[in-house]
Amino acid sequence: MATVTRRRLPRPVVVLGIVSLLNDASSEMIYPLMPFFLREHLKASVAFVGLVEGIAETTASLLKLFSGWLSDRLGRHKTLTFIGYALASVTRPLMVVVTAAWQVLALRFVDRIGKGIRTAPRDALLGERLR
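Residues numbered from 1 in each chain as written. Predicted model: local features only at pLDDT ≥ 70, side-chain atom pairs only at ≥ 80, totals over all residues. Heavy atoms only, no water.

## Quick notes on the environment of Gln103
What counts is decided by this rule: Under the scheme used here, helices are H or I runs from DSSP no shorter than 4 residues and strands are E runs no shorter than 2 residues, and both carry numbers assigned from the N terminus. Two N or O atoms count as a polar contact when they lie within 3.5 Å, although within protein this holds only if one can serve as hydrogen donor and the other as acceptor, and sequence-adjacent residues are included solely when both atoms are side-chain atoms.
For Gln103, the position within the fold is in helix α5 (residues 101-129). Each C-alpha atom of the pair Gln103 and Ser61 lies 21 Å from the other, and the pair is 42 residues apart in sequence. Looking at Gln103, its side chain comes within polar contact range of the main-chain nitrogen of Thr99, at 2.5 Å.

Here is the structure:
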């Protein structure tokens, strides 16, 4: 009978997995309601709702390119990953106190800066740990 050996996942992989899960859960709780909040409570136009999402996703996409290059160049994967998650952790709770549509735009922009900064370095960290 063959023996089965099980490899444990490295601790950084487990920690990043949990952090990513919690971050994604908090994002999925807030952002699907954002268009309704902007339209019904803050009286923003449909065009403004589209602008918020367009700016947010463009910011994240463009920063992923830059942060991957920067983290490889500096060798600071953990630092950039931490900064990215910290930005999201700080901005999301502030959505509770917004009183104007432009504040939502600003917070969503900063949150997506965090996503853009953390994604490539996080993936590099995971790749290093799973080799």
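## A few points about unusual backbone geometry
Leaving glycine out, the prevailing phi sign among residues is negative, and the prevailing peptide bond configuration is trans. So the rule is basically this: Working definition: with a 1.4 Å probe on protein chains only, accessible area under 20% of the residue-type maximum means buried, over 50% means exposed, and in between means partly exposed.
Even without a glycine there, the phi angle at Lys43 is positive, about 55 degrees. Within the element layout of this structure, Lys43 appears in the loop between α2 (34-41) and α3 (46-74). What makes Lys43 exposed here is its relative accessible area of 64%.

## Observations concerning the confidence of the model for the protein
Rule in force here: The predictor rates its confidence in each residue with pLDDT, a number between 0 and 100.
Model confidence for the protein is summarised by a mean pLDDT of 92, while 98% of its residues fall at 70 or above. Averaged over each element, pLDDT in the protein is lowest for helix α1 (residues 11-30) (91) and highest for α2 (95).

## Some thoughts on the packing of helix α4 (residues 77-94) against α5
What counts is decided by this rule: Note on definitions: angles span 0 to 180 degrees between N-to-C directions of axes, and those axes are lines fitted to C-alpha atoms, for helices only across the stretch in contact. Put simply, a crossing is left-handed when the front helix is turned counterclockwise from the back one by less than a right angle, and right-handed when it is turned clockwise.
The interhelical angle for the contact between α4 and α5, taken along N-to-C directions, is 145 degrees, at an axis separation of 7 Å. For the crossing formed where α4 meets α5, the hand is left-handed.

## Focus on α5
To keep it simple, the criterion reads: Expected span, for any helix, means 1.5 Å times one less than how many residues it has. At any given residue, the bend is defined as the angle formed between two axes, one fitted to the seven residues that end at that position and one fitted to the seven that begin there.
Along its 29 residues, α5 runs 42 Å from first to last C-alpha, staying within 8% of the 42 Å computed at 1.5 Å per residue. In the structure, α5 departs most strongly from a straight axis at Arg118, where the bend amounts to approximately 30 degrees and where the proline Pro121 lies between one and four residues downstream.

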